[in-house]
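One letter stands for each residue in the lines below.
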Amino acid sequence: MAMKVGIQLYSVRDEMKKDPVNAIRQVAEIGYKNLEFASSCADTDPGVGFGVDADTMVKLLDETGAKMVSGHIRPIDENTIDAIIAYHTKIGTKYLGQSADFYTGYDHLMERCAYYNWVGEKLAAHGMQFLIHNHYHEFQKLNGKEILYHIMDNTDPRYVSFELDTFWAMRGGMDPVEVMKRLGARLKLVHQKDFSKTSTSPVNLWTVKDPETLITRETFGEGMDPKDFCEIGTGIMDIQTIIDTANALGAEYIVLEQDHTQLTQMESVRISMDSFKKFSGLDW
C-alpha cells in the first residue's frame, strides 16, 4: 500500500503560535490531511499544545477532513499519561512519541529503553503506539553499536515502533534506506525534508563533530546551519528510493518536517506538497 503524506505541524510553528486553528485549516487546504503535532508542555496541556481542547480539535478535524495521526509530546510520565491518553483517545491519535532524548551513557540508555517500554505498554492498552523519532546523535555508538539499534534491540516490538527521520539519519553518517531496512516492520512513519544543494556544510556531521563525545541537548546544534534545510524535492536526497523502500516495509505515513526554511513557513510547506505530488507511491 502507498504511504499517505502528512505534515508535522512544527513545520508551521510560527503560524501555530499565532492561531493554531487557522494554521491547521491552512495546511489542510494545501492538502495535508494527515497531521502530526509537537508539544513540550504536557504537564499543563495534554493535547496538541497551544491550548486547543479536545472538543475543539474534534470539530476542527471534522470540518477540514483531516486527522491527527501522530504527535510528539513531553513529558510523558505517571503524572501526565492518563490525561494524554484521554485527550488523544478522544481525537483519534494513533501514534505518540518524543522528539529527542539525549543519553549520558549505556546505563542511562538502558533506563530510557525501560521507560519506552513502560510508555508503550500503557499506550497499547488504549490502541495507541509509542514511537521513537531520531536525530543524528542516535547514530553515535555505545559499546560498539549505534544508539538507535540498542533501542531497537532493548525494546518490545509490541510496544515500541519507529519514526525514522531520513535527513537526520543521513547527517548521522548513515544510509537512510539501509536504516529503514534494518528497522523493518517496526518502521511506521517516515519524516522527510531535504538537504540543500547549495549548503556548504558537510552532509555527515561526524566529519566535524567527535563521534566519541556524546551529544547533549546543549551541543546538539553546534556546527549546523539553517540553510542546510530545504523543501522536499529541491535538494540532494533520493526521496523516491526512500518512498519505495518504506512502502515495501509497510510504513503508513511519510510526514513532512521542515525544521528551517528561507521562505515563509506556509510557502515552504506548499512547495513541498507540490513536490510530493511528483513522486510515485504516495497517497493523501
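Just so we're clear, the structure is a prediction, and the values are computed from it rather than from any experiment.

Moving on, we get to the packing of helix 3 (residues 54-64) against helix 4 (residues 81-91). For the pair helix 3 and helix 4, the least separation of the axes is 9 Å and the interaxial angle reads 25°. Judged by the angle between their axes, helix 3 and helix 4 are roughly parallel. At the point where helix 3 passes helix 4, the crossing takes the right-handed sense. Along its contact with helix 3, which presents Ala 54, Asp 55, Met 57, Val 58 and Leu 61, the element helix 4 presents Tyr 87, Lys 90 and Ile 91. Residues that form the contact of helix 3 with helix 4 fall into these classes: six nonpolar, no polar and two charged.

One pass over the full model with this rule turns up twelve aromatic pairs. On the numbers, 6.0 Å between centres and 35° between planes, the contact of Phe 167 with Phe 195 is tilted. Highlighted residues: Phe 167 in helix 7 (residues 166-171) and Phe 195 in strand 10 (residues 194-195), separated in sequence by 28 residues. Across this residue pair, the class does not change: Phe 167 and Phe 195 are buried. Among the aromatic side chains, those forming a connected cluster through ring pairs are Phe 102, Tyr 136, Phe 167, Trp 168, Phe 195, Trp 206, Phe 220 and Phe 229. Between the NZ or CZ atom of Arg 112 and the centre of the ring of Tyr 115, over which it lies, the distance is 4.2 Å. For the cation-ring pair, Arg 182 lies above Tyr 149, with the distance from its terminal atom to the ring centre recorded as 3.7 Å.

It is worth spelling out the nonpolar core at this point. The biggest cluster of nonpolar side chains holds 87 residues, and the ones touching the most others in it are Leu 9, Tyr 32 and Met 57. Per element, the largest residue contribution to this core is six residues, and it comes from helix 5 (residues 106-124). Not counting chain neighbours up to four residues away, the residues in contact with Tyr 32 comprise Val 5, Gly 6, Ile 7, Val 27, Leu 256, Val 269, Ser 272, Met 273 and Phe 276. Counting residues in each nonpolar core, the second largest holds six residues, with Tyr 95, Leu 131, Leu 189 and Val 255 among its members.

Cis geometry marks the peptide bond from Arg 74 to Pro 75; its omega dihedral reads -5°. Mapped onto the fold, Pro 75 is located in the loop between strand 3 (67-73) and helix 4. The backbone of Phe 50 sits at a positive phi, close to 65°, despite the residue not being glycine. With respect to the helices and strands, Phe 50 occurs in the loop between strand 2 (34-39) and helix 3. Phe 50 gets classed as partly exposed once you look at its relative accessible area, which sits at 37%. The residue Asn 143 is not glycine, and still its phi comes out positive at about 55°. Tracing the backbone through its elements, the reader meets Asn 143 in the loop between strand 6 (141-142) and strand 7 (145-146).

Pairing between side chains becomes possible if they bear opposite charge and their charged atoms approach one another. Scanning all chains against the criterion turns up 14 salt bridges. As a salt-bridge pair, Asp 283 and Lys 4 come within 3.4 Å of each other at their nearest N and O atoms. Note that Asp 283 is positioned in strand 13 (residues 282-283) and Lys 4 in strand 1 (residues 3-8), a separation of 279 residues in sequence. When salt bridges that share partners are traced, they join Asp 165, Lys 193, Glu 257 and Asp 259 into one network.

What counts, and where the lines are drawn
Residues numbered from 1 in each chain as written. Predicted model: local features only at pLDDT ≥ 70, side-chain atom pairs only at ≥ 80, totals over all residues. Heavy atoms only, no water. Axes fitted to C-alpha atoms, helices over the stretch in contact; angles between N-to-C directions. Helix = DSSP H or I, 4+ residues; strand = E, 2+ residues; numbered from the N terminus. Parallel < 35°, antiparallel > 145°, perpendicular 65-115°, else oblique. Left-handed = near helix turned anticlockwise from the far one by under 90°. Contact = heavy atoms within 4.5 Å. Nonpolar A, V, L, I, M, F, W, Y, C, P; charged D, E, K, R; others polar. Phe/Tyr/Trp six-rings, centres within 6.5 Å; stacked < 30°, edge-to-face > 60°. Buried < 20%, exposed > 50% of the residue type's maximum accessible area, 1.4 Å probe, protein only. Lys NZ or Arg CZ within 6 Å of the ring centre and 35° of its normal. Core = buried A, V, L, I, M, F, W, Y, C linked by side-chain atoms within 4.5 Å. Salt bridge = Lys/Arg side-chain N within 4 Å of Asp/Glu carboxyl O.

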